[in-house]
Structure formats: C-alpha cells, structure tokens
Amino acid sequence: MKSLFVSAAALTGLVSADPLPLIPLPASVKPMEGAFEFSPVTAIRFDRTVTKEMELFAADLKARTGAAPKTAAEELRIMLQSEIRLDVDASLDLPAGGYTLDISPKTVVVKGKDAAGVFYGTRTILQLLPALGSEAWKDGAPERLQAVEIKDQPRFAWRGMMLDVGRHFYPVEDIKRLIDWMAFHKLNNFHWHLTEDQGWRIEIKKYPKLTSVGAWRDSSPPYGNRNSDDGVRYGGFYTQEQIKDVVAYATARHITIIPEIEMPGHAAAAIAAYPELGNSDIPGYAPKVMTRWGVHPYIFAPKEETFRFLQDVLGEVCELFPSKFIHIGGDEAPKTQWKQSKYAQDLMKREGLKNEEELQSWFVRQIGKYLESKGRRLIGWDEIQEGGLPKTATMMVWRDAKWAKHALSLGNDVVMATTSHTYFDYYQAPGASEMAKGKEFECIGGMLPIEKVYSYNPTFVAENAAQEKQILGTQAQLWTEYGKDMKKVEYMAFPRIAALAEVAWTPVALKNYDDFSSRLTGLIKHYDGGKLNYAKPVPAPKKETKDGSVIQSSLDLYEGHFIESAFDGRQDTFFWANRALKKDDDVTLKLKSPLAAATAVEVVTGGPASRNGDKLESGVLEASTDGSTWTKLADFKDGKASGTAAAGTKQLRVRVTAPQENWLIIHEILLGGK
Ligand code: ACM
C-alpha cells in the first residue's frame, strides 16, 4: 500500500509522501489527482435519514474548527460553495456498515450502505483531517484533503472491546469518552462487564441491596503489592438512568452495548448482598464482597429462588439494553461449593447430572431458555461448554483456541477473545521496563506487544467457509485489577486497540505490520489531540541478538522471554530461565566474529522482575578461542562477574558451579561496557 501512496503523492504534487493515516485500513483506497480544500465555508449536505450522523459529524468538525459548519438537507437545493455530502444508498454492493468515500477537488461524498456506513465514512474523514487542537486549525486556512476513492466494509460484524467495571469503577463521562474512541476506530461492540466478586455495578430496582451492599468493598490491593490491602472502602455503580444515557450515547455512535451479568461464579458481591442465593448449606458459609483479585469460591446455588432472582435481574437488564446478545459470564466458577452443598448434590441426582460441570451447563440452559423467551441470545465465556454446550449459545473463547474449534464443530457461533492476542491487561513492553516507570504501571503479568495483537487472525481456527461464518469477530479485553482510573485504562487500551481494530475490520490480505506502524504515527496525532493517555509504542523485542551472534543454553526460557535477549543491546529485555539451576547449566554466546582486541566483559544477573532476584549465586564467566578449551575470566559475586577476554575470543560462557533453587535472569552480556 505504501508505494501506492508514494506514487500518488508524486502524481499530484502533494508534499507529503506519508500513507493516509487511516486505521483500520479501508478495504480499497485509490488515491486520485488533486485535493479538496476543506475550509470554513465547507458545509454538510445530508440525507434526512442520517440527520443524527450529520449532527455528530458537525459537532466533531466544530470541535476542530471552532465553528459549526453550515448544514442543508439534501432536498433543499441550496447552492453550497463547498460541500461534504452524506448519502445513504441501500443498493450499494456492500455489506452492512459499508460505505464509499470519494474526495475530489470539487466535493466530498460519503455514501453509506446504511446509517452505520455513513457514520464510518465520517470517521474516515475525521482521521484524514488534522487532529483536534492541532496548530493547523488555528489560522483558518483551508486544509487540503488528498483526492481519493475509498470503498470500505468491515471484515467482521463483531468488533469489540470489553471493559471490566467490577474491579474498578469509572464514571459515566469516562465510559462515554471510551465509546467515542471506539467509534473513531470503527469498533461497534462494547462488552460491559458489570458484575464481579469485587463489586456489582448496575442498579436493579427489584434488588436494591445489589448496589447498597454489593457495590462496595472494604479494601483493595494497592499497586505494587497484590497480596496486601489498602483498607480503603471502594465502590460505585451506574443507576438505570445513567445506563440508559450511556446506551443512547453508544447507539448514536453505532455501538451496541452487550451487558455481562456473571453467573454462576464471580458472583461474591451479589451473594454478599443476598446470602440466600449462595450455597448456604455448606460449612463456614460467610459471603462478602471480595477485597482481593483472583478466583473466589462463592458461586450461585442452583436453587429455584436463584433462578427467580436471575430472571428478574435479566428482565431489568433486557429492558435497559436492546442488544441481541446478553453475556452471562460462566468463566472460572470453582465447583467446590457445589461439591459441598447437599442441595446441589441432590439436584444433580434428581436431574441425572453426572458431575458439577454438567450442573453448570444445566444452569446455563435454564438461563438460555429465559433469554430466548425474551428474544435474546446467550453468550458466555468458553467454560459454558464444560458439561455440554447449549445449541443456541454463542461462545466467547478466552482460554485456548481449541474451545473455538469445539464450538465450531458443533455448529455454534464464537467470538474470538483469546488471552494470547486480546488480553490488554498484559504488559505491552517488557514488565521490568514498565515497572521501572513506577508501581502504577503494574499489570497482571504476561506480555502482549502491539505487533502480536496485529498478527491475530481470528479465523485461523476455522476448517471451512461455513465455520468461518460462525466466527462473528473479535474483541479486546480490558480487565481492570490494575486499572485504578481511566488514565491507566487508556494506557492499556491505546494504541493496541488500533491493531485490534485493523484485525477486526481490514481484509486479511491487506494487513502489513510495517505499513500499519507508519499509519499509526498519523493516528497518534489524533490521540495527542484528544489528550489520550496512550502507551508510546516501543519496538517489540526481537528473537535475535544485536549482531547475529548466537546464544545457546541448557536452560529453557520463561514464557515471553527469548534467549537472544541476553545479547540484544537492550537493558529492558532479558534472558529468564524457567527452572532451578543445576551444576554445569550454561548460557553460551558464540560471537559472530572473534574479538579483535582484549575486551572487558561484564555480566549482571538478577533483577526486580523476579521476587527472588534470580541472581546467579555460584558460577563462573569463561572465554574460549576455539570452543573447546575455556579460560576463567571471573567468578560471580553478588550476581555479577567482570573480566577481560583476550583478542581472538570466539565464545563467552556463563557456567553454573553449584545447584540453586532460584531461576536465572541475565539482562545483558556487555562487551567493552556496551
Ligand atoms: C476470564 O478471563 N476469566 C474470562
């Protein structure tokens, strides 16, 4: 794509050879000759069926230019000096959400297959204009929009983002801002994770204690020590009026909100509010709103009164949310309480259920029937298949892609939300370098660089075209144990959401990470203009040494770490072995070319990434000119060794001289201090 833009720029004499900063990349972009001058007199001519889309667009333009553009409904044949037309054309050969955008020196025309398509066309125009707050708007001079013909359509119907408001709570204004940014990336499904062990966040009129009790916890783990308590009461919830307001706000931006009410697990807050809904016949039963993260044992009892409660709750939820899908959670429901509960065990016998997994599926089926009676579809995390997957259920796959294959083979629809590529609560750069910025940069763990998000192809699990159709799409997961405020959530979400948006929207054949990266530079100007607290993209660690030298080791590496990191010229990446050390374990660097002169060698082991430091307690640093005879340069003392390797040295080796329980971290093997 890049070369296309370069040649177009040459053709038209436009100064910039940068690619159009569009993310997600449209299905088809044809640069044309010339440019449209967007100026203070540029008006919007609109089809009345997209009056709302026109109003939002006009407000977006006003926020940038400082003045509301003139607008005119299509049938009023008022002459306009310069216009952007917003039309709907249902006969367009495009799916729902598709649009064309023609920018010519004379005019700009958006034609949507439907109102959503028109809305997306306007988002594309906004991405092409200078960012909000940019200097370019200050002089009132026209902005040149390169002439282009865009024909665009979404790859998937489900392009989403999940936000957990159970672990932390965000005010309505924050949620709306996030919805605006989702829309800017042409995402259309906001999965609102509203209930958790640590807090119930949605007002339910029939059960006021859900929020008077369930929305509040006594303490939370502070940043930097997840196994402790800050002792500060914490909570909050959305009233039904606020929810209606957010739903309307999202709907206007062509975003569907899918509410999630967790069951049978992650329900401690609800059970704390109404203890009779839990497995109250077990020893030591004492539910409370949880104050620590993790998976907790309190799960709903499979009693009639629980189902009455859940139906009442879902009844109110269905009144508030018009979405076809209702998410019922289903993940991480420990079965210990059902095993202990006589009531649950008796029910299993009565219903002929072989184990507690089948009881969970039975539970899900009861809820599924209720949702069907309301004309809704049930979606749940992949554990809902454990005791048999209900026929009409849609599975949100988070653990292993094998569950997607399982559901697809049964004919069920899936949404791909696998941890490996969509869990945005993971670090986006090496954890040690993030934590070095401050404890508020703590994440749950793992690492998910933007490049890995970009590499995701949600249909890789499909075995044929029919199965591909069963994959509705994909979404990012923003779990918020480590998201105490929206600033941190923004940091976790952006710019990775740009990569996810392109995964979900752009035809797979057009995806190219280098091209995406150069367009991201343009998109980030909009992030800056909108004062988003995004993470500055850093190049993902590569599985290569800095100069083509080779490293080998008797040790295997801890998840997400590469052996090459010990000699990649970066202090923020590191070699991290994944087991206790044995005598004569080694890490050996085979230099690309022998040392030309005697050179200082330094190796520092250990680091804050590991609680135990993972220093080398007993070892030697050695050098070899032939790879078979070794000369000791230094012993490791307090995790460090430094010595001088002779000219002609071809290999350097760290060798363990006594077993140790702690693993091993090596940030960098330094030669001549570098
Ligand atoms: C999940 O991460 N428990 C869905």
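Residues numbered from 1 in each chain as written. Predicted model: local features only at pLDDT ≥ 70, side-chain atom pairs only at ≥ 80, totals over all residues. Heavy atoms only, no water.

Participant: Please clarify how the overall build of the protein should be interpreted in this entry.
Facilitator: If you tally the helices and strands in the protein, you get 19 helices and 30 strands. The C-alpha atoms of the protein give a radius of gyration of 29 Å, which matches the 26 Å a tight globule of 674 residues would have. The principal-axis extent of the C-alpha atoms belonging to the protein is close to 90 × 80 × 50 Å. Considering the protein as a whole, with its 674 residues, one finds that 58% of them fall into the buried category. Here the contacts in the protein between residues at least 6 apart in sequence split such that 72% fall between residues at least 24 apart. (Helix = DSSP H or I, 4+ residues; strand = E, 2+ residues; numbered from the N terminus. Rg over C-alpha atoms; globule rule 2.2 N^0.38 Å. Buried < 20%, exposed > 50% of the residue type's maximum accessible area, 1.4 Å probe, protein only. Contact = heavy atoms within 4.5 Å.)

Participant: Please explain the pattern of salt bridges as it appears in this structure.
Facilitator: Proximity of charged atoms lets side chains of opposite charge pair with each other. Per the stated rule, a full pass over the model turns up 33 salt bridges. Between R85 and D87 there is a salt bridge whose closest N-O contact spans 2.8 Å. D87 gets classed as buried once you look at its relative accessible area, which sits at 6%. For the salt bridge of R292 with D229, the shortest nitrogen-to-oxygen distance reads 2.9 Å. (Salt bridge = Lys/Arg side-chain N within 4 Å of Asp/Glu carboxyl O.)

Participant: It is not clear to me how the sheet that holds strand β17 (residues 394-397) should be interpreted in this structure. Could you clarify?
Facilitator: Strand pairing in a sheet relies on backbone hydrogen bonds, with the paired strands running either antiparallel or parallel. An order of β8-β9-β14-β15-β16-β17-β18-β21 is seen for the 8 strands of this closed barrel, with the pairing classed as parallel. Between one strand axis and the next, the sheet turns through 30° on average, direction left out of account. In the sheet, strand β16 (residues 377-381) pairs with β17 via 3 bridges, with the strands oriented parallel. Bridge pairing in β17 places W381 opposite M396. The strands that helix α12 (residues 401-410) touches are β17, β18 (414-416) and β21 (471-478); relative to β17, the one it contacts most, it runs at about 165°. (Pairing = 2+ DSSP bridges. Axes fitted to C-alpha atoms, helices over the stretch in contact; angles between N-to-C directions.)

Participant: Just to check I follow, could you spell out the environment of L448 for this structure?
Facilitator: Secondary-structure assignment places L448 in the loop between β20 (445-447) and α15 (450-454). In sequence terms L448 and R48 are 400 residues apart; their C-alpha atoms lie 44 Å from each other. Beyond its immediate sequence surroundings of up to four residues, L448 is in contact with S420, H421, T422, Y423, F424, Y426, Y427, Q428, V453 and R496.

Participant: Explain the environment of N188 here, please?
Facilitator: Along the chain, N188 turns up in the loop between α4 (172-184) and β9 (189-193). Judged by its relative accessible area of 11%, N188 is buried. Note: C-alpha distance between N188 and Q337 (149 residues apart in sequence) is 38 Å. For N188, the contacting residues outside a window of four places in its chain are Y120, A157, W158, R159, H254, I255 and T256. At 2.8 Å, the side chain of N188 and the backbone oxygen of A157 are in polar contact. (Polar contact = N/O pair within 3.5 Å; in protein donor to acceptor, adjacent residues only side chain to side chain.)

Participant: Is there a simple way to explain the pairing of strand β14 (residues 256-263) in this structure?
Facilitator: The two faces of the sheet receive side chains in turn, since in a regular strand these alternate between them. In terms of burial, β14 is largely enclosed, as 7 of its 8 residues are buried. Where β14 and strand β15 (residues 325-329) come together, 2 bridges link them in parallel fashion. Counted as the bridge partner of M263 is G329 from β15.

Participant: In this structure, what is going on with the side chain of D331? I would like to understand it.
Facilitator: With respect to the element layout, D331 can be found in the loop between β15 and α9 (336-340). Buried within the structure, D331 lacks any salt-bridge partner; R167 is the closest side chain of opposite charge, at an N-O distance of 6.6 Å. There is a polar contact of 3.5 Å between the side chain of D331 and the side chain of H266. Excluding residues within four positions of it along the chain, D331 makes contact with E262, H266, W381, E383 and W398. (Lys, Arg positive; Asp, Glu negative; His and termini not counted.)

Participant: For this particular structure, what's the right way to read the sheet that holds strand β5 (residues 99-103)?
Facilitator: Ordered by their spatial adjacency, 7 strands build an open sheet running β1-β7-β5-β6-β4-β2-β3, and the pairing between neighbours is mixed. The open sheet has two edge strands, β1 (28-38) and β3 (71-73), and neither has a second partner. Pairwise comparison of adjacent strand axes, ignoring direction, gives a mean angle of 20° for this sheet. Two elements, β5 and strand β7 (residues 143-152), share 5 bridges in a ladder whose sense is antiparallel. The partner of Y99 across the bridge, within β7, is D152. Of the strands in this sheet, β1, β2 (42-46), β3 and β4 (82-88) are in contact with helix α2 (residues 51-65), which crosses β2 at around 170°.

Participant: How should the packing of helix α18 (residues 496-505) against helix α19 (residues 513-529) be read in this particular structure?
Facilitator: Where α18 meets α19, the closest approach of the two axes is 11 Å, and the angle between their N-to-C directions is 125°. On the basis of the axis angle, α18 is oblique to α19. Between α18 and α19 the crossing geometry is right-handed. Listed contacts from α19 to I497, A498, A499 and E502 of α18 are F516, R519, L520, L523 and Y527. (Parallel < 35°, antiparallel > 145°, perpendicular 65-115°, else oblique. Left-handed = near helix turned anticlockwise from the far one by under 90°.)

Participant: Looking at this model, I keep getting lost on the packing of aromatic side chains. Mind explaining?
Facilitator: In this description, a pair of aromatic rings is defined by centroid distance and the angle of the planes. Within the structure shown, the criterion is met by 32 aromatic pairs. Note on Y423 and W479: the rings are 6.2 Å apart at their centroids and 50° apart in plane angle, and the pair reads as tilted. Taken as a pair, Y423 in the loop between α13 (419-422) and β19 (426-427) and W479 in the loop between β21 and α17 (486-493) lie far apart in primary sequence, 56 residues in all. For Y423, a relative accessible area of 6% corresponds to the buried category. On the accessibility criterion, W479 (12% relative accessible area) is buried. (Phe/Tyr/Trp six-rings, centres within 6.5 Å; stacked < 30°, edge-to-face > 60°.)

Participant: So what exactly am I meant to see when it comes to unusual backbone geometry here?
Facilitator: Peptide bonds are mostly trans, and most non-glycine residues show a negative phi. Of note, the bond from I23 into P24 is cis; its omega dihedral lies within 30 degrees of zero at 0°. Within the fold, P24 resides in the loop between α1 (2-12) and β1. Cis rather than trans, the peptide bond between F494 and P495 has omega equal to 5°. Mapped onto the elements of the fold, P495 is located in the loop between α17 and α18. Here the phi dihedral of E332 falls at roughly 40°; this positive angle occurs in a residue that is not glycine. Relative to the helices and strands, E332 is located in the loop between β15 and α9.

Participant: Even after reading the chapter, I still don't get the confidence of the model for the protein, so can you show me in this structure?
Facilitator: Should the pLDDT be low somewhere, the predicted coordinates at that spot are not to be read in detail. Overall, the predicted model of the protein reaches an average pLDDT of 94, with 97% of residues at or above 70. Confidence, read as mean pLDDT per element, is least for α1 in the protein (38) and greatest for β9 (99). Within the model, the stretch residues 1-16 combines pLDDT values under 50 with 24 contacts to residues more than four positions away or in other chains. (pLDDT = per-residue confidence, 0-100.)

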